Amino acid sequence: MGKWKKTAAGFMFSGFLFVGMFIGFYNYALHENMDYWVKNKIVITRVNTSEKVAALTLDDGPDPGVTDKILKYLKKHNARATFFVMGNKAEAHPQLLQQMVEGGHEVGNHSYSHKAFNNMSTDAIRHEIRQTNNIIHKITGQKPILFRPPGGYLSYELVKICDQEKVKIAYWSWETDSKDWKGSSSRSITDHIVKHIAPGQIIILHDGGSNGLATAQAVDLLLTDLTKQGYRFVTMSELMKLEKKE
Ligand SMILES: [Zn+2]
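Residues numbered from 1 in each chain as written. Predicted model: local features only at pLDDT ≥ 70, side-chain atom pairs only at ≥ 80, totals over all residues. Heavy atoms only, no water.

In this fold, Arg46 is placed in the loop between β1 (43-44) and β2 (53-59). The exposure class of Arg46 is buried, given its relative accessible area of 9%. In the structure, Arg46 is positioned 153 residues away from Pro199 in sequence and 8.8 Å away in space, judged by C-alpha atoms. A polar contact is formed between the side chain of Arg46 and the side chain of Glu175, at a distance of 3.4 Å. Among the polar contacts listed, one links the side chain of Arg46 to the backbone oxygen of Pro199, at a separation of 2.9 Å. (Helix = DSSP H or I, 4+ residues; strand = E, 2+ residues; numbered from the N terminus. Buried < 20%, exposed > 50% of the residue type's maximum accessible area, 1.4 Å probe, protein only. Polar contact = N/O pair within 3.5 Å; in protein donor to acceptor, adjacent residues only side chain to side chain.)

Right, here's the structure in full:
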């Protein structure tokens, strides 16, 4: 699950948006160096664009019965998404990763086992990342370039490891984080996202976990609403290429 620590969640909302600016600078304050990493594109939380384009990202899968439904809805709405898969689940359900790639979606790395990184050695963290990259590469023929840390964990050490392993740290936009994994209904997940969406956002959802079916239904609902509003959905790597040069 993409669980924030309770205290961290409190600090996270201490951030603010500059009124009147389409793209605001905001402060997660999850880590003392978060602002620097975000500003320098070491941690990606959104992309600066005025186009109605966004990235849907799905964590903690693949889970049969949920991920396949989401793939079907993405196809129905002609949308692309990014799946941050766990290595152990990818190993168990390689056909779902193949379907992702066939559908034009991106597969990102979300660690092998989703263990808490704060209790792990550097070598163990590196192993979680490298092993999962190898599994994804073996199944899809593509080496992931994005890594989303389990639970949003960040440290100076992790930043260094990700640089060495040649993966970019793929965060998400807090405005559209509906905390879908907590058990919300598909309608409330959809409403939260539709209300808070803005160009260039990276929307976090979870196809793995106990609320996966509600999330799958929400993908259908929100794509219906947002494509009507003129939004299109691309993979996270594609979104990053749309970054407006200052
Ligand atoms: Zn997760």
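There's more to say after this.
Of all hydrophobic cores here, the largest spans 35 residues; its most connected members are Leu56, Leu74, Phe83, Leu205, Val219 and Phe233. Within the residue set of this core, elements represented by two or more residues are β2, α3 (67-76), β3 (81-85), α5 (94-102), α6 (122-140), α8 (186-196), β7 (202-206) and α9 (212-228). Per-element tally for this core: the top contributor is α9, with seven residues. Aside from chain neighbours lying at most four places away, what touches Leu205 is Leu56, Thr57, Leu58, Asp59, Ser178, Asp180, Ile189, Ile193, Thr215, Val219 and Leu222. Met34, Ile125, Ile161 and Trp172 belong to the second largest nonpolar core, which has 31 residues in total. (Core = buried A, V, L, I, M, F, W, Y, C linked by side-chain atoms within 4.5 Å. Contact = heavy atoms within 4.5 Å.)

Attention shifts here to unusual backbone geometry. A cis amide bond links Gly61 with the next residue in sequence, Pro62, at an omega value of 0°. One non-glycine residue, Lys41, lies in the positive phi region at around 60°. As for its position among the elements, Lys41 is in the loop between α2 (34-39) and β1. On the accessibility criterion, Lys41 (32% relative accessible area) is partly exposed. Although it is not a glycine, Lys179 adopts a positive phi angle of roughly 50°. Within the secondary structure, Lys179 sits in the loop between β6 (168-170) and α8.

For α5, every residue scored as buried is listed here: Leu96, Leu97 and Met100. Looking straight down α5, one finds its buried side chains confined to an arc of 100°; they lie on one side. Where α5 is buried, its residues contact α3, β3, α4 (87-92), β4 (106-109) and α6. Looking at the residues trailing α5, positive phi occurs at Gly104, about 85°. (Arc of directions from axis to C-beta.)

Our next topic: the coordination of the zinc ion. The expected angle between donors at a tetrahedral four-coordinate metal is 109.5 degrees. At an octahedral six-coordinate metal it is 90 or 180 degrees. Coordination sphere of the zinc ion, protein contribution only: Asp60 (OD), His110 (NE2) and His114 (NE2), at 2.1 Å. Here the donor residues of the zinc ion are spaced in sequence according to D-x49-H-x3-H. Placement of Asp60 in the loop between β2 and α3 and of His114 in the loop between β4 and α6 is noted, with a sequence separation of 54 residues between them. In this pair, the class of Asp60 matches that of His114, namely buried. (Donors = N, O, S within 2.8 Å, 3.2 Å for Na, K, Ca; no water.)

In this structure, Glu243 sits in the segment after α10 (236-241). The class of Glu243 is buried, set by a relative accessible area of 18%. Among the polar contacts made by the side chain of Glu243, one reaches the side chain of Lys41 at a distance of 3.4 Å. A polar atom in the side chain of Glu243 sits 3.3 Å from the backbone nitrogen of Asn48.

What follows is about the packing of α3 against α9. For the pair α3 and α9, the least separation of the axes is 9 Å and the interaxial angle reads 5°. As the angle between them shows, α3 and α9 are arranged roughly parallel. Only Leu213, Ala216, Gln217, Val219, Asp220 and Leu223 of α9 make contact with α3, whose side of the interface consists of Lys69, Ile70, Tyr73, Leu74 and Lys76. Residues that form the contact of α3 with α9 fall into these classes: seven nonpolar, one polar and three charged. (Axes fitted to C-alpha atoms, helices over the stretch in contact; angles between N-to-C directions. Parallel < 35°, antiparallel > 145°, perpendicular 65-115°, else oblique. Nonpolar A, V, L, I, M, F, W, Y, C, P; charged D, E, K, R; others polar.)

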